[in-house]
Amino acid sequence: APTRPEARGMSLDLDLFEQAIREIGPPAGYPSPLPAHVAQWLEGLPLSEDWHDFLHSHSAASDYEVGPVTLYAHRSVFVQTTEFPHVVESHHLLLGTALSGDPLAMDMTSGAIGYLPHDRLWSIASPGELRSLFRRIAPSVGSCVERALRDRDFPADYHQAETG
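Residues numbered from 1 in each chain as written. Predicted model: local features only at pLDDT ≥ 70, side-chain atom pairs only at ≥ 80, totals over all residues. Heavy atoms only, no water.

Things to note about the sheet that holds strand S5 (residues 113–115)
Reading across the sheet, the 6 strands line up as S1-S2-S3-S4-S5-S6 and stay open at both edges, with antiparallel pairing between neighbours. Both edges of this open sheet fall to strand S1 (64–66) and strand S6 (135–138), since each of them pairs with a single strand only. Here the average twist between neighbouring strands, direction ignored, is 40°. Relative to strand S3 (residues 92–98), strand S2 (residues 69–71) is paired through 3 bridges, and the arrangement is antiparallel. If you follow Val69 over to S3, its bridge partner there is Ala98. (Pairing = 2+ DSSP bridges. Helix = DSSP H or I, 4+ residues; strand = E, 2+ residues; numbered from the N terminus. Axes fitted to C-alpha atoms, helices over the stretch in contact; angles between N-to-C directions.)

A word on the confidence of the model for the protein chain
Of the residues in the protein chain, 95% reach a pLDDT of 70 or more, and the chain-wide mean stands at 91. Taking the mean pLDDT of every element in the protein chain, the minimum, 89, falls on helix H5 (residues 85–89) and the maximum, 98, on S5. Counted against residues more than four places away or in other chains, residues 1–9, with its pLDDT under 50, gives 19 contacts. (pLDDT = per-residue confidence, 0-100. Contact = heavy atoms within 4.5 Å.)

Some details on unusual backbone geometry
In this chain, Tyr30 is followed by Pro31 through a cis amide linkage whose omega measures -15°. On the secondary structure map, Pro31 appears in the loop between helix H1 (14–24) and helix H2 (36–43). Even without a glycine there, the phi angle at Asp13 is positive, about 55°. Along the polypeptide, Asp13 turns up in the segment before H1. Note on Asp13: relative accessible area 25%, which makes it partly exposed. Even without being a glycine, His91 presents a positive backbone phi close to 65°. Examined against the element boundaries, His91 turns out to sit in the loop between H5 and S3. (Buried < 20%, exposed > 50% of the residue type's maximum accessible area, 1.4 Å probe, protein only.)

Concerning the packing of aromatic side chains
Scanning the entire structure with this criterion turns up 4 aromatic pairs. Here the aromatic rings of Trp51 and Phe54 are separated by 5.2 Å at their centres, their planes lie at 80°, and the arrangement is edge-to-face. A residue pair is termed a helical-turn pair when its members lie 3 or 4 positions apart in one helix, as Trp51 and Phe54 do in helix H3 (residues 49–57) at 3 residues. For the pair Trp51 and Phe54, a shared accessibility class is recorded, and that class is buried. (Phe/Tyr/Trp six-rings, centres within 6.5 Å; stacked < 30°, edge-to-face > 60°.)

Regarding helix H4 (residues 74–83)
All of the buried residues along H4 are His74, Ser76, Val77 and Thr81. Around the axis of H4, the buried residues are gathered within 155° of arc, so they sit on the same side. Packing partners of the buried residues in H4 comprise H2, H5 and S3. (Arc of directions from axis to C-beta.)

Some words on the environment of Met10
Among the structural elements, Met10 can be located in the segment before H1. Overall, Met10 belongs to the buried group, its relative accessible area being 4%. Linking Met10 and Trp51, residues 41 residues apart in sequence, is a C-alpha distance of 9.0 Å.

Quick look at the packing of H2 against H4
Direction vectors running N to C along H2 and H4 enclose 55°, while the axes themselves pass 10 Å from each other. Here H4 runs oblique to H2, going by the angle between their axes. Seen from above, H2 lies across H4 with left-handed handedness. The residues of H4 that touch H2, namely those facing His37, Val38 and Trp41, are His74, Val77, Phe78, Thr81 and Thr82. (Parallel < 35°, antiparallel > 145°, perpendicular 65-115°, else oblique. Left-handed = near helix turned anticlockwise from the far one by under 90°.)

What to know about the pattern of salt bridges
The final tally for this structure, using the stated rule, is 6 salt bridges. Linking Arg150 and Glu146 is a salt bridge whose minimum nitrogen-to-oxygen distance equals 3.2 Å. Taken together, the positions of Arg150 and Glu146, both in helix H7 (residues 141–150) and 4 residues apart, correspond to about one turn of that helix. Residue class for Glu146 comes out partly exposed when judged on its relative accessible area of 25%. Salt-bridge contacts for Asp151 lead to Arg147; the nearest nitrogen and oxygen are separated by 3.2 Å. Classification of Arg147 by relative accessible area gives partly exposed; the value is 24%. Here the residues in one salt-bridge network are Glu23, Glu146 and Arg150, joined through shared partners. (Salt bridge = Lys/Arg side-chain N within 4 Å of Asp/Glu carboxyl O.)

Below you can see the structure in the form of structure tokens.
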């Protein structure tokens with residue numbers, strides 16, 4: 001198993017996440033146990049213990065909308081993240097998508113949430129290039145979901161995150 005990053009300074013703001021889920025109504029199959037192959041795959045990622053626990057205890061069986069973004073079900077996290085060669089190598093995990101198709105990603109080194117440009121994912125030459133394209137929109141998953149639900153100025157895609 002990989003060395004897990006320190007969880008210190010990597011707040012998930014679970015209270016904000018759980019409050020948002022209560023307000024929108026839990027998605028179908030929430031919480032849902034991870035399929036064995038997804039759980040095994042997650043074990044091989046350099047996730048903090050807090051993120052590992054979060055993904056095990058807050059996964060849904062179906063994708064669901066929160067404001068202008070769609071959060072992925074556990075199977076979609078696996079399928080979407082593994083589809084692009086440099087996503088995991090650049091220490092990102094795809095958690096959802098904007099309406100434009102821009103992936104909503106988590107930076108595994110900081111826990112920050114941001115967008116990656118969908119139109120560049122197939123042509124990325126290196127993990128470093130992908131890291132440089134990440135546009136942070138929130139310091140944590142909880143603050144991201146809370147902002148997506150309440151903030152009219154929440155960036156709805158990569159372009160808005162880059163220019164806003």
